[in-house]
Amino acid sequence: MDVSDLKGLHAEVKKRMDGHIEHVRRELGGVRTGRASVNILDSVHVEAYGSQMPLNQVASLSVPEPSLIIAQPFDPSLMGAVEKAIRAANLGLNPANDGKVVRIPLPALTEERRKELSKLVHKYAEEGRNGLRQVRRDANDKLKKLLKDHKISEDDERRALEDVQKITDQHITLVDEIQKKKDVELLGK
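The model shown is predicted, which means the values in this text are computed figures rather than measured ones. (Residues numbered from 1 in each chain as written. Predicted model: local features only at pLDDT ≥ 70, side-chain atom pairs only at ≥ 80, totals over all residues. Heavy atoms only, no water.)

(A) Up close: the overall build of the protein chain. For the protein chain, the helix and strand inventory stands at five helices and six strands. Along the chain direction, N to C, the helices and strands of the protein chain fall in the order α-β-β-α-β-β-α-β-β-α-α. Taken against the 2.2 N^0.38 rule, which gives 16 Å for 189 residues, the C-alpha radius of gyration of the protein chain at 22 Å runs more than 25% over that of a compact globule. Taking the principal axes of the C-alpha coordinates as reference, the protein chain spans close to 70 × 45 × 20 Å. The buried share among the 189 residues of the protein chain stands at 35%. (Helix = DSSP H or I, 4+ residues; strand = E, 2+ residues; numbered from the N terminus. Rg over C-alpha atoms; globule rule 2.2 N^0.38 Å. Buried < 20%, exposed > 50% of the residue type's maximum accessible area, 1.4 Å probe, protein only.)

(B) Structural detail: the nonpolar core. Among the nonpolar cores identified, the biggest contains 26 residues, and V13, M17, L28, V31, L132, L143 and L186 are the most heavily contacted of them. Counting residues per element, the ones that place at least two in this core are α1 (3-29), α4 (111-148) and α5 (154-187). Here this core gets nine residues from one element, more than from any other, and that element is α4. Once residues within four sequence positions are removed from consideration, L28 is found in contact with V121, Y124, I178, Q179 and K182. Membership of the second largest hydrophobic core comes to 21 residues, among which are I69, A85, L93 and V102. (Core = buried A, V, L, I, M, F, W, Y, C linked by side-chain atoms within 4.5 Å. Contact = heavy atoms within 4.5 Å.)

So, in structure tokens, the structure goes:
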């Protein structure tokens, strides 16, 4: 084992950690702040054509005003199914269908609801940090095994462990920043 193999390990660690960061961004993108965003409907699946399909594959979604989302099914016969799926998603939304489109008004966020959403943001961020720590653990285990099998020197292992820790610290800082930004959007602080 040589230095290029260690670089490959670093690249793999960075790639897996970047994946966790993206996942946290997507999760937090679905947490509703004061503005309407079609992302809050990402988890909605509609019973269509004999299977569960993501809402954005059966309807076009738009935000004509800050507190309203409009879902226009590509197939008008799915109007009821779209409305039912949004209700069933437990997002606290009450869609109404006018025969052409499904209107999804977003209720104003109460202080209590903002605090609940903030807790959810913290939960997603902590899951992200745990994912990053797991990647670090896997990499450190690989390095220890390489040392045990005499494929790298103790100095190489020490340097590689430090590098993995640096990458981990950078990614955890990113999660913290994403969490802080979302909290500011939610709570204004």
